[in-house]
Amino acid sequence: MTHKIPAWVNGTLTPVDKLAAHEQGLKHKAVSVFVVKGGEILMQRRALGKYHTPGLWANTCCTHPQWDEASSACAVRRMEEELGITGLYPEFRHHLEYRADVGNGLIEHEVVDVFLAHAHRMPDLAPNPEEVMETRWVDYHDLLAEVQRHPDRFTPWLKIYLNSYSDVIFGPDLSLGSSEDG
């Protein structure tokens, strides 16, 4: 069974096979979530079986909503499906569009709703091995420095989020969180 995602074809939102949307570079809907605790971000390393960007580090989770699924519901669903995280309710932070080459002739042209979820205690994690090969908590400022030093370790969209949208996604949350934890 192929997974259909909401993509624009000739200006009309249409259900399109996920792989075809990436092969054709079609603009499509997406959701990204950052889970933060204090000044740290929960990162995931994409499973090696992923059809694009395998083994690269990304934000907590990212996906495409189902056809009639609200972005906020999608964010909650994917935190549980990818990482086993329940009980967090992400806050909408920004709506953005980007286009990036993700290798193997595939293009991500996404219209993304980005969410931030605050974990007030360490969430229980149960990563789905088909989606995630590793997780880690990284201080926000350390992450920015690591992305600058080793950009080839990170997904194109994470680099775009951090380089161009960090202020609107994180606002004062992580800079304040970092100084509180220091």
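Here's what I pulled together on the structure shown here. (Residues numbered from 1 in each chain as written. Predicted model: local features only at pLDDT ≥ 70, side-chain atom pairs only at ≥ 80, totals over all residues. Heavy atoms only, no water.)

Some points on the nonpolar core
Here's step 1: In terms of nonpolar packing, the biggest core is built from 27 residues, with F34, I41, M43, L143, Y161 and F170 touching the most fellow members.
Here's step 2: Contributions of two or more residues to this core are made by β3 (27-37), β4 (40-46), β5 (57-58), β7 (91-103), β8 (106-118), α3 (140-149), α4 (156-164) and α5 (166-170).
Here's step 3: Beyond its immediate stretch of four places on either side in the chain, F170 contacts F34, I41, R93, L116, Y140 and L162. (Core = buried A, V, L, I, M, F, W, Y, C linked by side-chain atoms within 4.5 Å. Buried < 20%, exposed > 50% of the residue type's maximum accessible area, 1.4 Å probe, protein only. Helix = DSSP H or I, 4+ residues; strand = E, 2+ residues; numbered from the N terminus. Contact = heavy atoms within 4.5 Å.)

Side note on the pairing of strand β2 (residues 12-17)
Here's step 1: Where strand β1 (residues 4-9) meets β2, 6 bridges bridge the pair, whose relative direction is antiparallel. Counted as the bridge partner of K4 is D17 from β2.
Here's step 2: Between β1 and β2, which pair antiparallel one after the other, the connecting turn spans 2 residues, and N10 there sits at a positive phi close to 50 degrees. (Pairing = 2+ DSSP bridges.)

With respect to the packing of aromatic side chains
Describing an aromatic ring pair means giving the distance of the ring centres and the angle of the ring planes.
Here's step 1: Under the defined criterion, the tally for this structure stands at 5 aromatic pairs.
Here's step 2: Plain terms: the ring middles of F34 and Y161 are 6.0 Å apart, the flat faces sit at 65 degrees to each other, and that makes the pair edge-to-face. With F34 in strand β3 and Y161 in helix α4, this pair connects stretches of sequence that are 127 residues apart.
Here's step 3: Residue class for Y161 comes out buried when judged on its relative accessible area of 0%. (Phe/Tyr/Trp six-rings, centres within 6.5 Å; stacked < 30°, edge-to-face > 60°.)

Section: helix α2 (residues 71-83)
Here's step 1: Given a rise of 1.5 Å per residue, 13 residues ought to cover 18 Å, and the 18 Å separating the end C-alpha atoms of α2 matches this to within 8%.
Here's step 2: Residues of α2 that are buried include every one of S71, C74, A75, R77, R78, M79, E82 and L83, and no others.
Here's step 3: Residues of α2 that are buried sit in contact with β3, β4, β6 (61-63), β8 and β9 (132-139).
Here's step 4: After α2 finishes, the residue G84 shows a positive phi value of roughly 75 degrees. (Expected span 1.5 Å × (residues − 1).)

Digging into the side chain of T53
Here's step 1: With respect to the helices and strands, T53 occurs in the loop between β4 and β5.
Here's step 2: For T53, the side chain forms a polar contact with the side chain of H52, separated by 2.9 Å. (Polar contact = N/O pair within 3.5 Å; in protein donor to acceptor, adjacent residues only side chain to side chain.)

Quick notes on the environment of P123
Here's step 1: One can find P123 in the loop between β8 and β9.
Here's step 2: Its relative accessible area of 12% is what places P123 among the buried residues.
Here's step 3: Sequence separation between P123 and L42 is 81 residues, and the spatial gap between their C-alpha atoms is 10.0 Å.
Here's step 4: Not counting chain neighbours up to four residues away, the residues in contact with P123 comprise I85 and W137.

In short, shape yes, function no, at least from these values alone.
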